[in-house]
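Topology and contacts: notes
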Amino acid sequence: MRFKKHVFICVNERPEGKKCCGEGHGMALVNEFKRLIKDQGLQVTMRAQKTGCFDLCAFGPTVMIYPEGRIYGKVQLSDVSDIIELDLKENKVVTRLLVELPIVS
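The structure reproduced in this document is the subject of the present report.

Basis of the calculations
Residues numbered from 1 in each chain as written. Predicted model: local features only at pLDDT ≥ 70, side-chain atom pairs only at ≥ 80, totals over all residues. Heavy atoms only, no water. Phe/Tyr/Trp six-rings, centres within 6.5 Å; stacked < 30°, edge-to-face > 60°. Helix = DSSP H or I, 4+ residues; strand = E, 2+ residues; numbered from the N terminus. Pairing = 2+ DSSP bridges. Axes fitted to C-alpha atoms, helices over the stretch in contact; angles between N-to-C directions. Buried < 20%, exposed > 50% of the residue type's maximum accessible area, 1.4 Å probe, protein only. Polar contact = N/O pair within 3.5 Å; in protein donor to acceptor, adjacent residues only side chain to side chain. Salt bridge = Lys/Arg side-chain N within 4 Å of Asp/Glu carboxyl O.

Across all of its chains, the model carries one aromatic pair by this definition. Taken together, a centroid distance of 5.6 Å and an interplanar angle of 75° make the contact between F8 and Y66 edge-to-face. Of this pair, F8 sits in strand β1 (residues 5-10) while Y66 sits in strand β3 (residues 63-66), placing them 58 residues apart in sequence.

Put into structure tokens, the structure is as follows:
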């Protein structure tokens, strides 16, 4: 795997009247993740990028961290630095943002 950590940020846009991550500043989140990752010299081992719908609109804006598969919801610009510091750098869960979904078997 090329990157130690990969951050996927939903930027999906839905028709007016339907909740979605994109309207909740999805691209602003992408840009902030990219900026802080680069500013901290982490771009060699970590990557942030936009993605389409995770089908988790009720929790939006959503961010997924791989390879762990963690999902963070209702992410605001002010949360980006905590996600980078705690999750990406220290591999600790940002519990206030964690979306816990039932495992389907």
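Let us now look at the sheet that holds β1. The four strands lie next to each other as β2-β1-β3-β4, forming an open sheet whose pairing is mixed. Taken across any chain shown, the strands that pair with only one partner, and hence form the sheet edges, are β2 (46-51) and β4 (70-72). On average, each strand axis in the sheet is tilted by 20° relative to the strand beside it, whichever way the strands run. Relative to β3, β1 is paired through four bridges, and the arrangement is antiparallel. Its bridge partner being in β3, H6 is matched across the sheet by Y66.

The next thing to look at is the side chain of H6. Its location among the elements puts H6 in strand β1. The buried category is assigned to H6, whose relative accessible area is 17%. At a separation of 3.0 Å, a polar atom in the side chain of H6 contacts the side chain of Q49.

Turning to the pattern of salt bridges, a few remarks are in order. What the rule picks out here adds up to nine salt bridges. In this structure, D39 and R35 form a salt bridge, with 3.0 Å as the shortest nitrogen-oxygen distance. Residue D39 and its partner R35 are located together in helix α1 (residues 26-39), separated by four residues, close to a single helical turn. For D39, a relative accessible area of 53% corresponds to the exposed category. Between R96 and D82 there is a salt bridge whose closest N-O contact spans 2.8 Å.

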